[in-house]
Amino acid sequence: MKNRIFFRELTLFLLVVFMVASCTDEIDRPVFPISATISHSIKDKQVAFTALTHSAVSWQWDFGDGKTSTEQNPVHVYEKGGYYKAVLTATDAGGNKAIDEVELALSLSAYNYLTGNPNAPGYKGKTWRMATNHTTNTDFLGNCDANLTTAAGTPKPLPNGIFGQLGFPDCYKDEFTFFFDGKYVHDNSKSGGSSFSALLNQMVINGGKDVTNTAGKAYGMCLAKYTPEAGAKFTFVEKEDLTVSSVYGAGGKLTFKNVSTLDFTGTEFVGFRDVQRKIIVNKISDTSMQLIMFMAASDKAIGINTHVLVLSFEVVK
């Protein structure tokens, strides 16, 4: 009898201790404020998102392509490659919100490489200039024929900094900025208002009045005054057939099939100014591109392309 009473009292005592401890835990247990962090993994254009949150009871995702989700950990497939900003808004039981966002670069296109990420903070387009490294990029002066054969008497690749060695290093200073919306800005202020040009074209335009440096005369190149066009635009076509004038082509024309091209409004150009301002983007990455620019260098065939300049450009940091 005494044992039963003892165990009953012990049980009651332990129950009271447990209840008090539980109440104390509930009183002392910290309440975390609402917080949210995005974790994600990418495969091609598919992104698996994870919402790492405290105290959230609902999740709202904006994937940046017009699509949304209320799942905590959604998987989203983007229809097109490009730059996107995904935004997570987490909400707790009291209606308080926490927001996190992540920038995504998915299956980037050549256009994305050219113009940069328009969602980046302080986006001001993507600026390029001609690279002095010609050997790594295999730059060369070629003939405007179907195979772009190397011009006689010129090395392939060109020596690094060759134009500086010839006496006109300012051709490396012009900067060319491409914006995602098609805006184009050409800055030649660092080269004193002059730009890399074809000497024959300058002679045709105004007798060479604007030429400021003839150090490249032996190769038909020069520096000449140029006023960049305000409000200029560019057009990039990823794949098309480009027909240009050529002394090597049947009927004075030559077609390059299935190439990427750049064209400009008004008198604008990139890299090298001549009659033919629509050019070929030979290759492009996030940090470098190589352009095929056409050159008319024969006074026996005014305005008809005889050569190509295959030159690389680098991103201006």
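Note that the structure is a prediction, hence the values are computed from the model and not measured.

Colleague: Sorry if this is basic, but what is going on with the sheet that holds strand E3 (residues 56–62) here?
Modeller: For sheets, the rule is that strands pair by backbone hydrogen bonds, running either parallel or antiparallel. Pairing is antiparallel across the open sheet formed by four strands, whose spatial order is E4-E3-E6-E7. At either margin of the open sheet sits one strand with a lone partner, and together these are strand E4 (68–69) and strand E7 (97–106). The sheet contact formed by strand E6 (residues 82–92) and E7 spans 10 bridges and is antiparallel. Of the residues in E7, the one forming a bridge with tyrosine 84 is leucine 104.

Colleague: Before we go on, may I ask you to explain the pattern of salt bridges in this structure?
Modeller: Oppositely charged side chains can pair when the atoms bearing their charge come close. This model, assessed by the stated rule, comprises 10 salt bridges. The closest approach of N and O atoms between glutamate 101 and lysine 85, which form a salt bridge, is 3.9 Å. Remark: lysine 85 occurs in strand E6 and glutamate 101 occurs in strand E7; sequence separation between them is 16 residues. On the basis of relative accessible area, glutamate 101 is assigned to the partly exposed category, the value being 44%. Residue lysine 85 is classed as partly exposed on the basis of its relative accessible area of 30%.

Colleague: Can you walk me through the packing of aromatic side chains in this structure?
Modeller: Think of a pair of aromatic rings as described by two things: how far the centres are apart, and how the planes are tilted against each other in angle. One pass over the structure, following the stated rule, counts 20 aromatic pairs. Summarising the aromatic geometry, the rings of phenylalanine 163 and phenylalanine 168 are spaced 5.8 Å apart at their centres and angled 45° between planes, so their arrangement reads as tilted. Considering the side-chain rings of tyrosine 184 and phenylalanine 264, the 4.7 Å spacing of their centres and the 50° angle between planes classify their relative orientation as tilted. Within this pair, whereas tyrosine 184 is found in strand E11 (residues 184–187), its partner phenylalanine 264 is found in strand E16 (residues 253–264), the two being separated by 80 residues in sequence. Both residues of the pair, tyrosine 184 and phenylalanine 264, belong to the buried class. Taken together, Tyr111, Phe178, Phe180, Tyr184, Phe234, Phe236 and Phe264 form an aromatic cluster joined through their ring pairs. It is lysine 183 that lies over the ring of phenylalanine 179; its NZ or CZ is 4.9 Å from the centre.

Cut-offs applied
For every chain, the first residue of the written sequence is number 1, and numbering continues from 1 onward in sequence order. Given that this is a predicted model, residues contribute local features only at a pLDDT of at least 70 and side-chain atom pairs are listed and counted only at 80 or more, while totals for whole chains, interfaces and linings are drawn from all residues. To get the side-chain values, take all heavy atoms of the structure and skip hydrogens and water. The rule for pairing is simple: two strands pair if DSSP sees at least two bridges between them. For helices the rule is a DSSP run of H or I covering at least 4 residues; for strands it is a run of E covering at least 2, with both sets numbered from the N terminus onward. When a carboxyl oxygen of Asp or Glu is within 4 Å of a side-chain nitrogen of Lys or Arg, the pair counts as a salt bridge. The buried label applies to any residue whose accessible area, calculated with a 1.4 Å probe on protein chains only, is under 20% of its type's maximum; exposed applies above 50%, and partly exposed to all values in between. Geometry of aromatic contacts follows a simple scheme: Phe, Tyr and Trp rings, the Trp one being its six-membered ring, pair when their centres are within 6.5 Å, and the pair is stacked under 30 degrees between planes, edge-to-face over 60, tilted otherwise. Counted as over-ring charges are cases with an Arg CZ or a Lys NZ within 6 Å of the ring centre that also lie within 35 degrees of the ring normal.

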